Amino acid sequence: MRHIAIVGSGPAGYYTAEAALKHWGEEVQIDVFDALPVPYGLIRTGVAPDHQSIKGVARRFEKTALNENVRFVGNVKVGEDINIADLQRLYHAVVLATGAPRDKALDIPGKELSNIFGSAAFVGWYNGHPEFAGLAPDLSGKNAVVIGMGNVALDVARILAKTRGEFAGADIVEHALDALDASHITAITIVGRRGPHQIMMTPKELGELMHLERASPRVDPADLPEESADALLEPGLRKSVTHLRSFAAIPENIRGEAAIDIDFDMFASPVAFHGDGGNVREIELEETRVEAGRAVGTGRTYRVPADLVITCIGYRTSPIPDVPFDDRAGRFANDEGRILPGLYCVGWARRGPSGTIGTNRPDGYAIADLIAADLASKAIDTGSKQGAAGFDRFAEEHGITPVRFSDWQKIDAAEVAAARDGAPREKFVDVEAMIAAGES
Ligand SMILES: Cc1cc2nc3c(=O)[nH]c(=O)nc-3n(C[C@H](O)[C@H](O)[C@H](O)COP(=O)(O)OP(=O)(O)OC[C@H]3O[C@@H](n4cnc5c(N)ncnc54)[C@H](O)[C@@H]3O)c2cc1C
């Protein structure tokens with residue numbers, strides 16, 4: 001029997017479990033650990049609450065989770081509740097699928113002013129991540145600034161712009177729904193250092209901005225390159241740029257009817273935040289031009305009102321004691337997923353924060369192959385390991401009570417039962433409440 005510990009129950013973790021089952025069938029026993037009492041990582045706490053169809057992929061992972069040879073071991077934080085050496089003693093292979101849950105810092109003067117948040121925190125707030133549920137952003141000002149030109153920036157801008165009615169069918173948590181309903185924001189500026197040809201936004205997400213009830217997107221026609229230059233873009237990006245062109249073409253009198261402006265401020269690099277009384281009030285931006293794909297400052301600066309700022313500029317993996325870490329890249333130091341023989345990483349913990357849920361699938365399959373190769377070459381100790389039974393003894397000795405998949409099923413049922421009309425669920429937003437629901 002092969003014993004594998006997977007640390008992290010997000011897409012990368014469950015794709016790895018799926019691949020290991022395909023590889024070893026009945027001959028493998030897999031424990032999938034998670035620091036939270038609930039599974040599925042960013043499918044629950046990252047993917048936008050109004051994108052329910054994407055969250056449906058969890059059903060595929062549930063099939064894997066329910067396999068007899070797979071256990072969910074929730075509410076166990078690796079690196080704190082159990083260290084890597086202990087896991088390696090118990091399992092033939094340990095796979096870190098811990099994602100990239102920390103915001104990259106925007107290190108500019110004024111960053112300590114209040115009401116400036118990273119997207120991990122802000123998205124965690126509206127998605128009910130226990131660590132960020134108490135964030136309480138102040139939405140009483142008129143001007144929000146969202147920094148970044150990727151889909152996370154679009155998610156954040158869209159969520160800020162939607163009416164309560166537009167969240168019908170979404171699993172946005174109640175505290176966020178109420179706060180957004182009372183929000184006074186009338187201008188959302190999306191800031192990017194480069195131009196339309198360098199955006200990382202996908203057409204579907206951009207297209208959604210055209211269909212918001214009370215908000216209208218605006219692009220300055222002067223920011224758009226000659227249309228003929230779009231022909232050289234790959235098809236997805238070309239479609240995205242076509243959306244920007246249609247935003248630029250919306251007549252001002254039509255746009256004027258919208259209560260909220262979503263303004264794309266491109267070729268603009270943040271240089272400082274300014275505030276009063278400790279609160280952010282403005283962002284200072286430097287005009288840029290793009291040279292060989294890079295933003296170059298021009299020295300000309302201007303200020304944009306900013307009562308709330310969300311930075312969507314990327315994420316970093318959290319280091320785990322005794323695991324080699326690539327500080328510059330913000331992820332575990334690895335060679336094609338191998339950290340050391342017997343210790344591997346997949347998903348965002350391996351590659352950094354890019355790609356969709358499906359991008360993590362090949363990672364999981366490649367790691368199963370790598371583990372098989374390391375076992376065959378005896379790079380990994382192939383002697384017998386205690387696996388799940390050994391972990392259970394460890395847990396008992398150390399007063400750890402893991403949350404099992406059957407407990408999660410109870411938490412899930414309680415959340416579904418508590419849903420407001422038309423919504424799929426009302427999430428528990430604190431760990432104690434989750435555990436209590438799992439024990440009921
Ligand atoms: C805001 C946002 C929106 C997104 N929207 C989409 C979308 O619409 N469509 C799409 O395809 N992709 C989307 N993505 C991308 C997608 O979520 C990621 O590709 C995917 O979740 C990465 O998977 P992962 O398993 O590597 O990490 P994660 O999903 O982050 O999973 C990591 C898991 O590890 C656990 N963990 C972390 N540290 C420890 C530890 N020390 N011990 C135990 N457990 C630990 C965490 O609790 C978490 O459950 C979005 C991402 C973000 C941030």
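Residues numbered from 1 in each chain as written. Predicted model: local features only at pLDDT ≥ 70, side-chain atom pairs only at ≥ 80, totals over all residues. Heavy atoms only, no water.

### Details of the nonpolar core
Ranked by internal contacts, the top residues of the largest apolar core, which has 47 residues, are Leu160, Ile188 and Phe264. Top contributing element to this core by residue count: helix α7 (residues 151-161), with 7 residues. Each residue touching Phe264, except ones within four places of it in the same chain, is listed here: Met149, Leu154, Ile190, Met201, Leu206, Leu209, Pro217, Arg218, Val219, Asp223, Leu244 and Phe247. Among the nonpolar cores identified, the runner-up in size contains 44 residues, and Ile6, Val32, Ala58 and Ala372 belong to it. (Core = buried A, V, L, I, M, F, W, Y, C linked by side-chain atoms within 4.5 Å. Buried < 20%, exposed > 50% of the residue type's maximum accessible area, 1.4 Å probe, protein only. Helix = DSSP H or I, 4+ residues; strand = E, 2+ residues; numbered from the N terminus. Contact = heavy atoms within 4.5 Å.)

### Description of the sheet that holds strand β18 (residues 338-340)
Taken in spatial order, the 6 strands of this open sheet run β3-β2-β1-β4-β19-β18, and their pairing is mixed. Edge positions in the sheet fall to β3 (70-73) and β18, since each has one partner strand and no second. Each neighbouring strand pair of the sheet contributes to a mean axis angle of 20°, computed without reference to strand direction. Sheet analysis places strand β1 (residues 2-7) next to strand β4 (residues 93-96), joined by 4 bridges and oriented parallel. Residue Ala5 lies in a different strand from β4, and its bridge partner there is Val94. (Pairing = 2+ DSSP bridges. Axes fitted to C-alpha atoms, helices over the stretch in contact; angles between N-to-C directions.)

### Focus: the site of the ligand
Of all residues adjacent to the ligand, which total 29 residues, the nearest are Ala12, Asp34, Leu42, Trp348 and Ile357. Note that an oxygen atom of the ligand is positioned 2.5 Å from one of the side-chain N or O atoms of Asp34. Take Gly41: an N or O atom from its main chain is 3.5 Å from an oxygen atom of the ligand. Broken down by secondary-structure element, the contributors of at least two residues to the shell around the ligand are α1 (11-24) and α7. Among the residues making up the shell around the ligand, the classes are represented as 15 nonpolar, 11 polar and 3 charged. (Near = heavy atom within 4 Å. Polar contact = N/O pair within 3.5 Å; in protein donor to acceptor, adjacent residues only side chain to side chain. Nonpolar A, V, L, I, M, F, W, Y, C, P; charged D, E, K, R; others polar.)

### What about the packing of aromatic side chains?
If you walk through the whole model with that rule in mind, you get 13 aromatic pairs. Note on Phe122 and Trp125: the rings are 5.4 Å apart at their centroids and 40° apart in plane angle, and the pair reads as tilted. Here the residue Phe122 and the residue Trp125 both occupy positions in helix α6 (residues 119-126), the gap between them amounting to 3 residues, near one helical turn. Each member of the pair, Phe122 as well as Trp125, is classed as buried. Between Phe122 and Tyr126 the ring centres are 5.8 Å apart and the planes differ by 85°, which places this aromatic pair in the edge-to-face class. In this pair, Phe122 and Tyr126 both sit in helix α6, 4 residues apart, roughly one turn of the helix. As far as the burial class goes, Phe122 and Tyr126 line up, both buried. Taken together, the ring pairs connect Tyr14, Tyr15, Tyr40, Phe61 and Trp408 into an aromatic cluster. When the ring centre of Tyr365 is taken as reference, the NZ or CZ atom of Arg361 above it lies at 4.6 Å. (Phe/Tyr/Trp six-rings, centres within 6.5 Å; stacked < 30°, edge-to-face > 60°. Lys NZ or Arg CZ within 6 Å of the ring centre and 35° of its normal.)

### Looking at the pattern of salt bridges
Once the charged atoms of two side chains with opposite charge are near each other, the side chains can pair. One pass over the full model with this rule turns up 38 salt bridges. Residue Arg102 pairs with Glu131 through a salt bridge whose shortest N-O separation is 3.3 Å. One end of the pair, Arg102, is in strand β5 (residues 102-103); the other, Glu131, is in the loop between α6 and β7 (143-147), with 29 residues separating them in the sequence. The exposure class assigned to Glu131 is partly exposed, which follows from its relative accessible area of 46%. (Salt bridge = Lys/Arg side-chain N within 4 Å of Asp/Glu carboxyl O.)

### Notes on the packing of α1 against helix α13 (residues 360-376)
Two elements in contact, α1 and α13, have axes separated by 8 Å at closest approach and are oriented at 45°. The orientation of α1 relative to α13 falls into the category oblique. Two packed elements cross with a definite hand, and for α1 against α13 that hand is right-handed. On the side of α1, the interface is formed by Pro11, Ala12, Tyr15, Thr16, Glu18, Ala19, Ala20, Lys22, His23 and Trp24, while α13 contributes Asn360, Arg361, Gly364, Tyr365, Ile367, Ala368, Asp369, Ile371, Ala372 and Leu375. Considered class by class, the residues forming the contact of α1 with α13 number 12 nonpolar, 4 polar and 4 charged. (Parallel < 35°, antiparallel > 145°, perpendicular 65-115°, else oblique. Left-handed = near helix turned anticlockwise from the far one by under 90°.)

### Points about the environment of Ile310
Structurally, Ile310 is set in strand β14 (residues 308-311). Between the C-alpha atom of Ile310 and that of Ala5, which follows or precedes it by 305 residues, the distance is 35 Å. In this view, Ile310 contacts Phe117, Gly118, Ser119, Phe122, Val145, Val146, Ile147 and Val156; residues no more than four positions away in its chain are not counted.

### As for the environment of Leu36
Checked against the element boundaries, Leu36 lands in the loop between β2 (28-33) and α2 (42-45). Of the residues examined, Leu36 reaches a relative accessible area of 16% and is grouped as buried. Along the backbone, Leu36 and Pro402 are 366 residues apart, and their C-alpha atoms lie at a distance of 9.9 Å. Apart from residues lying up to four places away in sequence, Leu36 is in contact with Phe72, Gly74, Asn75, His129 and Pro130.

As far as function goes, none of this settles anything; it's purely spatial.
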